[in-house]
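Here is what each chain is made of, one letter per residue.
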Amino acid sequence: MTHLHPIAAVLASLLLLAPALHANEDHSGHATHGEHAAAMALTDGEVRKIDQANGKITLKHGEIRNLDMPGMTMVFTVKDKALLDKVKVGDRIRFKAARAEGKMLVTEIQPAAQ
């Protein structure tokens, strides 16, 4: 019978237990697939004002879940001024927003389904 060095025996035991330990990990700090989907979900809004020169848009919007923000009317900076070419005042839209570059940034705009 071969005896393992005590350190080797401990390492071998840990390797055998690793899959079981991993299976019992607490994943509460990790986002689920549904949470990722919610973070990427589009928010309903209505265009109230467009400031093309400064790359800003005023939106009356519903809850923005990924930002934990209730519905309100507010001014956003757009990531790309070309997004403003897609809309006009009064349009109903769906959009994505994020906190970036020290401001609230609209990163995507789509027309709302009619």
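Residues numbered from 1 in each chain as written. Predicted model: local features only at pLDDT ≥ 70, side-chain atom pairs only at ≥ 80, totals over all residues. Heavy atoms only, no water.

## Examining the overall build of the chain
When helices and strands are tallied, the chain shows two helices and five strands. Across the chain, helices and strands are ordered from the amino to the carboxyl terminus as α-α-β-β-β-β-β. Across the 114 residues in the chain, those meeting the buried criterion constitute 25%. Of the contacts formed within the chain by residues at least 6 apart in sequence, a portion of 48% connects residues at least 24 apart. (Helix = DSSP H or I, 4+ residues; strand = E, 2+ residues; numbered from the N terminus. Buried < 20%, exposed > 50% of the residue type's maximum accessible area, 1.4 Å probe, protein only. Contact = heavy atoms within 4.5 Å.)

## Some details on the nonpolar core
Ranked by size, the top nonpolar core spans 18 residues in total, and within it Ile57, Leu59, Phe76, Phe95, Val106 and Ile109 carry the most contacts. The residues contacting isoleucine 109, other than those within four sequence positions of it, are Ile57, Leu83, Lys86, Val87, Ile93, Arg94 and Phe95. (Core = buried A, V, L, I, M, F, W, Y, C linked by side-chain atoms within 4.5 Å.)

## What about the environment of leucine 84?
Its place among the elements puts leucine 84 in the loop between strand 3 (72–78) and strand 4 (92–100). The buried category is assigned to leucine 84, whose relative accessible area is 2%. As a C-alpha pair, leucine 84 and lysine 56 span 28 residues in sequence and 8.2 Å in three-dimensional space. Excluding residues that lie within four positions of it along the chain, leucine 84 makes contacts with Ile50, Asp51, Gln52, Gly55, Lys56, Ile57 and Val78.

## Quick notes on the pattern of salt bridges
Here the structure, examined in full by the defined rule, presents six salt bridges. We note a salt bridge from glutamate 108 to lysine 96, for which the minimum N-O separation is 3.3 Å. You can see glutamate 108 sitting in strand 5 (residues 103–111) and its partner lysine 96 sitting in strand 4, a full twelve residues away along the chain. According to the relative accessible area criterion, glutamate 108 is partly exposed, its value standing at 23%. (Salt bridge = Lys/Arg side-chain N within 4 Å of Asp/Glu carboxyl O.)

## Observations concerning the confidence of the model for the chain
Overall, the prediction assigns the chain a mean pLDDT of 80, with 64% of residues at 70 or greater. Here helix 2 (residues 33–39) is the element of the chain with the lowest mean pLDDT, 46, and strand 2 (residues 56–61) is the one with the highest, 98. Per-residue pLDDT stays below 50 along residues 27–39; that stretch engages in five contacts with residues further than four places along the chain or on separate chains. (pLDDT = per-residue confidence, 0-100.)

## Some words on the pairing of strand 5
When strand 3 meets strand 5, the two strands line up parallel, connected through two bridges. Looking at strand 5, one finds that threonine 77 is bridged to leucine 105. Relative to strand 5, strand 4 is paired through eight bridges, and the arrangement is antiparallel. Paired with isoleucine 93 across the two strands is proline 111, which belongs to strand 5. Linking strand 4 back to strand 5 in an antiparallel pair, the connection comprises two residues, with glutamate 101 at a positive phi of about 55°. (Pairing = 2+ DSSP bridges.)

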